Amino acid sequence: MKRALITGVTGQDGSYLAELLLEKGYDVYGLVRRLSTPNIQRERVIDEITLIEGDLTDQSSLNSSMKIAEPDEVYNLAAHSFIATSWNQPVLTGDATGLGAIRVLESVRNFCGNAKVYQASSSEMFGKVRESPQNENTRFYPMNPYGCAKVYAYLISVNYRDSYNMFISNGILFNHESERRGLEFVTRKITDGVARIYYGIAKELRLGNLEARRDWGYAKDYVEAMWLMLQQKQPEDYVIATGEPHSVKDFVDLAFSEVGLYWRDYVKEDPKFIRPAEVDFLVGDASKARHELGWKPKVDFEELVKIMVKADLERVGSGLNPKK
């Protein structure tokens, strides 16, 4: 039986990845911070894996986790991933997201050197894009502290791979959402807002830049790509994306249409949600992943929005009567 260690197991991606690995017969270990509170939707996963207390900012806890789990595969998904917060906590973001990656690699190198490592990289590394669509050879130009930290984590992973002959693959994942996404992220903020407006709990939804365009996919599809990367004979880096850009406005329009409402009657643009440096357009070219991994997204943009709206309607509307 293969053994896997997942950092960030209580997050959206970690929960889906844990489910996937359990289905494939893995013995799964999850690194959790002491104060992490699992989402109720993820409780089944938490009950079926072995949790180890630790933190990416603490080397000794990472060393201990490797000794306990003795993993064949390590998936480093933990990060301070909310971009708005990275502006308020840039040093902590750099420590956990950037230096945290090298701490994980040091632990692997010293205690389980044959383990394969997946490093969660991000489309935010491209930032102010030099070309579109973005692929594995596109120059990085991050526009926020989170993106900068991810660039460091990416480059140190490549350096350790080349210097120590370690199996390390970077997955450069574009935006991937689901009903398990945190409420602070714009997509979930939208679907939660739609549900609250539909049931009469809220009267408006305040958002930032509606013209920002992203390549949105379904998180459950994307964790399959993570696993596939570590099943290859040689470590490689892969862009994972749908190749289809959509604006925040597109997402809003579809979400409100799902409940028969016109979004312009409820959505207000609020300058306080505009970031100091805005990334306007990201779209990925996942040709390499399609060719070498045999991966492609199963859920399209429209279906993603429907899944998220339906889940929030069920959650918010339980026991209430819909607004008519």
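Scroll up to find the structure.
Reading the values: rules and limits
- Residues numbered from 1 in each chain as written.
- Predicted model: local features only at pLDDT ≥ 70, side-chain atom pairs only at ≥ 80, totals over all residues.
- Heavy atoms only, no water.
- Helix = DSSP H or I, 4+ residues; strand = E, 2+ residues; numbered from the N terminus.
- Rg over C-alpha atoms; globule rule 2.2 N^0.38 Å.
- Buried < 20%, exposed > 50% of the residue type's maximum accessible area, 1.4 Å probe, protein only.
- Contact = heavy atoms within 4.5 Å.
- Areas by Shrake-Rupley, 256 points an atom, 1.4 Å probe, with all protein chains shown as cover.
- Lys, Arg positive; Asp, Glu negative; His and termini not counted.
- Charge placed at Lys NZ, Arg CZ, Asp CG, Glu CD.
- Expected span 1.5 Å × (residues − 1).
- Axes fitted to C-alpha atoms, helices over the stretch in contact; angles between N-to-C directions.
- Parallel < 35°, antiparallel > 145°, perpendicular 65-115°, else oblique.
- Left-handed = near helix turned anticlockwise from the far one by under 90°.
- Nonpolar A, V, L, I, M, F, W, Y, C, P; charged D, E, K, R; others polar.
- Salt bridge = Lys/Arg side-chain N within 4 Å of Asp/Glu carboxyl O.
- Polar contact = N/O pair within 3.5 Å; in protein donor to acceptor, adjacent residues only side chain to side chain.
- Pairing = 2+ DSSP bridges.
- Right-handed = clockwise from strand over helix to strand, strands pointing away.

A. Looking closely at the overall build of the protein. Helix and strand counts for the protein stand at 11 helices and 13 strands. The C-alpha atoms of the protein give 19 Å as radius of gyration, which agrees with the globular expectation for 324 residues (20 Å, within 12%). Seen through its C-alpha atoms, the protein measures out along the principal axes to roughly 60 × 45 × 40 Å. Expressed as a percentage of its 324 residues, the buried residues of the protein come to 55%. Long-range pairs, those at least 24 residues apart, make up 78% of the contacts in the protein with a sequence separation of at least 6. Approximately 14500 Å² of the protein is accessible, and the part contributed by carbon and sulfur atoms is 46%. Within the protein, the 46 negative side-chain charges are centred at a point lying 2 Å from the centre of the 41 positive side-chain charges.

B. Representation of unusual backbone geometry within the structure. Following serine 132, the chain continues to proline 133 via a peptide bond in cis, the omega torsion being -5 degrees. Take proline 133: it is sitting in the loop between strand E5 (116-122) and helix H6 (145-164). Phi at glutamate 70 takes a positive value of approximately 45 degrees, unusual for a residue other than glycine. Structurally, glutamate 70 is set in the loop between helix H3 (59-69) and strand E4 (73-76). Even without being glycine, asparagine 165 reaches a positive phi, approximately 55 degrees. Assignment of secondary structure puts asparagine 165 in the loop between H6 and strand E6 (168-173).

C. Just helix H7 (residues 186-198), in detail. Between its first and last C-alpha, H7 extends 18 Å over 13 residues, near the 18 Å set by a 1.5 Å rise per residue. Judged by how many residues are buried, H7 sits mostly within the fold: 10 of 13 residues are covered. If you check which residues of H7 are buried, you get Thr187, Arg188, Ile190, Thr191, Asp192, Gly193, Val194, Ala195, Ile197 and Tyr198. Looking at the buried residues of H7, the elements they touch are strand E7 (176-177), strand E8 (205-207), helix H9 (248-257) and helix H11 (301-317). Backbone geometry just after H7 places glycine 200 at a positive phi near 80 degrees.

D. Highlighting the packing of H7 against H11. H11 packs onto H7 with a crossing angle of 50 degrees between their chain directions and a minimal axis gap of 8 Å. Comparing the axis directions of H7 and H11 gives the class oblique. Between H7 and H11 lies a crossing whose hand is right-handed. Contacts between H7 and H11 involve Thr187, Arg188, Thr191, Asp192, Ala195, Arg196 and Tyr198 on the former and, on the latter, Met308, Val309, Asp312, Leu313, Arg315 and Val316. Residues that form the contact of H7 with H11 fall into these classes: 6 nonpolar, 2 polar and 5 charged.

E. Geometry of the pattern of salt bridges. Under the criterion given, the structure shown has 17 salt bridges. Between glutamate 106 and arginine 109 there is a salt bridge, with its nearest N and O atoms 3.0 Å apart. Note that glutamate 106 and arginine 109 are positioned in helix H5 (residues 90-111) at a spacing of 3 residues, about one turn of the helix. Assessed through its relative accessible area of 31%, arginine 109 is described here as partly exposed.

F. Representation of H6 in the model. If you check H6, its first and last C-alpha atoms are 28 Å apart, about what 20 residues at 1.5 Å a residue would give, namely 28 Å. Looking one or two residues past H6, asparagine 165 carries a phi angle of roughly 55 degrees, positive in sign.

G. Looking closely at the side chain of serine 86. Relative to the helices and strands, serine 86 resides in helix H4 (residues 83-88). A distance of 3.4 Å separates a polar side-chain atom of serine 86 from the backbone nitrogen of tyrosine 146. Leave out the neighbours within four places in its chain, and serine 86 touches Thr93, Asn144, Pro145 and Tyr146.

H. Molecular detail of the pairing of strand E1 (residues 3-7). Counted residue by residue, E1 has 4 buried out of 5 residues, so it is predominantly covered. Sheet topology note: the E1/strand E2 (residues 27-32) ladder contains 5 bridges and is parallel. Within the sheet, the bridge partner assigned to arginine 3 lies in E2 and is aspartate 27. The handedness of the E1 to E2 crossover, carried by helix H1 (residues 12-23), is right-handed. Sheet analysis places E1 next to E4, joined by 4 bridges and oriented parallel. Bridge pairing in E4 links leucine 5 to valine 74.

I. Layout of the environment of glutamine 231. The residue glutamine 231 is located in the loop between helix H8 (219-229) and strand E11 (238-240) in this model. Measuring from C-alpha to C-alpha, the distance between glutamine 231 and leucine 51 comes to 24 Å, with 180 residues separating the pair along the chain. Other than its neighbours up to four places away in sequence, glutamine 231 contacts Lys2, Tyr26, Glu73, Tyr75 and Lys116. At 3.1 Å, the side chain of glutamine 231 forms a polar contact with the side chain of lysine 2.

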